[in-house]
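What the coordinates show
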Amino acid sequence: MSAAVAERPLPGAKVAVQPLFLAGALYAVLMMALWVPWFLGFIQVPSAWPVQAWFLHELAFGFAPIIVAGALLTASAGDTSRKPVSGAILGSIFLLWLAGRIGMGLSAHLAPWTIAALSVAFPIALAVLTARVQPPSGGWRGLAIVALLLGLGAADALFHYEMFEFGRTKSAADIALAFALLLLVIIAGRVVSSPKRRPTIFYAACGFVVLGSVLAAVGVLWDDYDFASAGLNAWTVGSIGTLALAIATWASRARRSPTAFGTIALYVLAVVSGLAATAGGLYPQWTLPLLPISGIAWIAAFAGFAALYGRAVSIGSTADLSN
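1. Thoughts on the environment of Gly280
Looking at where Gly280 falls in the secondary structure, it is placed in helix α10 (residues 261–282). The class for Gly280 is buried, based on a relative accessible area of 12%. Sequence separation between Gly280 and Asn233 is 47 residues; the distance between their C-alpha atoms is 8.5 Å. With residues up to four places along the chain from it excluded, the contact list for Gly280 reads Thr287 and Leu290.

2. A word on the side chain of Ser119
Here Ser119 shows up in helix α5 (residues 112–133). Note on Ser119: relative accessible area 0%, which makes it buried. Beyond its immediate stretch of four places on either side in the chain, Ser119 contacts His57, Gly100, Arg101, Asp156 and His160.

3. Focus: the environment of Tyr283
Following the sequence through the fold, Tyr283 ends up in the loop between α10 and α11 (287–315). Spatially, the C-alpha atoms of Tyr283 and Phe227 are 8.9 Å apart, while their sequence positions differ by 56 residues.

4. Comments concerning the confidence of the model for the protein
Per-residue confidence for the protein gives a mean pLDDT of 84; residues scoring 70 or more make up 79%. Below a pLDDT of 50 lies the segment residues 1–17, which in the model reaches 32 contacts outside its immediate sequence neighbourhood of four places, other chains included. In this model residues 314–323 is a low-confidence stretch, pLDDT under 50, and it forms 43 contacts with partners more than four residues away in sequence or in other chains.

Cut-offs used in this document
Residues numbered from 1 in each chain as written. Predicted model: local features only at pLDDT ≥ 70, side-chain atom pairs only at ≥ 80, totals over all residues. Heavy atoms only, no water. Helix = DSSP H or I, 4+ residues; strand = E, 2+ residues; numbered from the N terminus. Buried < 20%, exposed > 50% of the residue type's maximum accessible area, 1.4 Å probe, protein only. Contact = heavy atoms within 4.5 Å. pLDDT = per-residue confidence, 0-100.

Structure, rendered in structure tokens:
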């Protein structure tokens, strides 16, 4: 599909899948608005999980997958031989995601198996739906996405098992982040597949992946918690945040250019958030000022996306992700 065609809303685009991007952006705002004061001890949340475990879970299994879902189902709508995913199917997939988020937020009042079932249902259902709507030209890349989504669901189940059995995660968090990052990197590469159109935010996101790997490796070699924490923050707030924003803005580009000043400001805010969070992990004595800076920048970035792209999201547009 040419760029010109990709940037025109399809017939019936009012029922396209862009609302998932808006839901993801709003949840990103809520998630960070809860996590920062909760982590600093200013508020309590009705969750049975520790604050860091909750944040990692919701980042990998709540925020990242809804952005992936928006991109994947937008891609399927871009195949004009198929009907866009809409109506009851789109509503059902969104409600499954929402039920998982509510379950995690109210986990102190629900049975562990109920929380796990609500959470795991979304990535599994998304994998099935993706396999169903994948265009014939998708080939092995489409199968890889389906496999990664199923792996994400399995990692989610392991996450809940480890939290129930041990009160903490042993390996599930690392596996979850690996699956979430890999999905976002693949999707981002497909969204901005042309080097001439590839935004700086894409390279910044990949830079956070590399930075996180270096810091985490140093943390393991030196048995240094601060380096390990900084690496984790680079992967989560840095990589996942910037990748998700890059995907959402470029897949929604029909109504607003990703090179416009407002969009560039969103990218700068996302990078500032990732850098502040990484520095806060590396220098824990500066956590109190750096973590709120990171949180405010993150909230401003995704609230700004909702404001700038809200009309495009509600109307719906399509991007060519089949390459």
